[in-house]
Amino acid sequence: IGQEHFITGFAPEFAALPKLTIAALNGSAAGIGMTMSLLCDLRLAVPGARLRFNFAELGLMPGLGSTRRLVELIGLPAAKQLLLCDRTIQSDTAAAIGLVDEIVEPDRLLSRALELGEAAAACKPGTLKEIKACLDAALDGDLADALAREAQAAARLRGEA
């Protein structure tokens, strides 16, 4: 049951964390290392990092909701190409297609991740959680739904809900 929970429960629980999550890819990442990074809010990588989605060649199904998350991040055609054909890409290509948010020199990777985390931590209590939830739901529904979510979040921040 532990492995089953990890497969079905970890991804939504991790994605729903009310704090900013950052993956710092220093070198190579493959398989589940890449699928786990997709759950993070931001992905930083060093120049020349090799990112590998080798599931198809191993006869495995990518997990942790990565088929949805990858499409959200880079679009359907690019996700198909990455998962089915060009399974390994360099960090510069990953940044160009939106898989990596920022390329950072190796000696600055950890400090840049900490800078971003500290900036997020400086938000007023509850604000980061509410903004992150609205952003995560941004593609659900239409503009009216987004406006309603934002109004509800604003009311919670004001202590009215």
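This write-up is about the structure you can find in this document. Remember, predicted model here, so these are calculated numbers, not experimental data.

Brief notes about the pairing of strand β3 (residues 42–45)
One ladder, built from 4 bridges, connects strand β1 (residues 22–25) with β3; its direction is parallel. If you follow A24 over to β3, its bridge partner there is L44. When β3 meets strand β6 (residues 102–103), the two strands line up parallel, connected through 2 bridges. Bridged to L44 within β6 is E102.

Observations concerning the pattern of salt bridges
A side chain of one charge can pair with a side chain of the opposite charge when the charged atoms of the two come close. One pass over the full model with this rule turns up 12 salt bridges. Between R68 and E72 there is a salt bridge, and its shortest N-O distance comes to 2.8 Å. A residue pair is termed a helical-turn pair when its members lie 3 or 4 positions apart in one helix, as R68 and E72 do in helix α4 (residues 66–74) at 4 residues. Given the relative accessible area of 52%, R68 is considered exposed. For E72, a relative accessible area of 33% corresponds to the partly exposed category. Through salt bridges with shared partners, one network takes in R68, R69, E72 and D140.

Focus: the layout of surface pockets
Computed from the structure, the largest pocket encloses a volume of approximately 660 Å³. Forming the boundary of the largest pocket are 23 residues, of which A15, D41, R69, E72 and D136 lie nearest the centre. Contributions of two or more residues to the lining of the largest pocket are made by α1 (2–15), α4 and α8 (127–136). Each residue belonging to the lining of the largest pocket can be placed in one class, and the counts come to 14 nonpolar, 2 polar and 7 charged. Considering only enclosed or pocket space, the second largest pocket measures out at about 180 Å³ in volume.

Examining the sheet that holds β3
The 3 strands are arranged β1-β3-β6 in an open sheet whose pairing can be described as parallel. Looking at which strands have only one partner, the edges of the open sheet turn out to be β1 and β6. The sheet strands contacting helix α7 (residues 109–121) are β1, β3 and β6, and the helix crosses β3 at an angle near 160 degrees.

What counts, and at which threshold
- Residues numbered from 1 in each chain as written.
- Predicted model: local features only at pLDDT ≥ 70, side-chain atom pairs only at ≥ 80, totals over all residues.
- Heavy atoms only, no water.
- Pairing = 2+ DSSP bridges.
- Helix = DSSP H or I, 4+ residues; strand = E, 2+ residues; numbered from the N terminus.
- Salt bridge = Lys/Arg side-chain N within 4 Å of Asp/Glu carboxyl O.
- Buried < 20%, exposed > 50% of the residue type's maximum accessible area, 1.4 Å probe, protein only.
- 1 Å grid on protein atoms, 1.4 Å probe; cavity = no way out; pocket = protein on both sides within 12 Å on 5 of 7 lines; lining within 4 Å.
- Points joined across faces, edges and corners; volume = space filled by probe spheres on them.
- Nonpolar A, V, L, I, M, F, W, Y, C, P; charged D, E, K, R; others polar.
- Contact = heavy atoms within 4.5 Å.
- Axes fitted to C-alpha atoms, helices over the stretch in contact; angles between N-to-C directions.

So, to be careful, I would describe these as geometric facts and stop short of saying anything about function.
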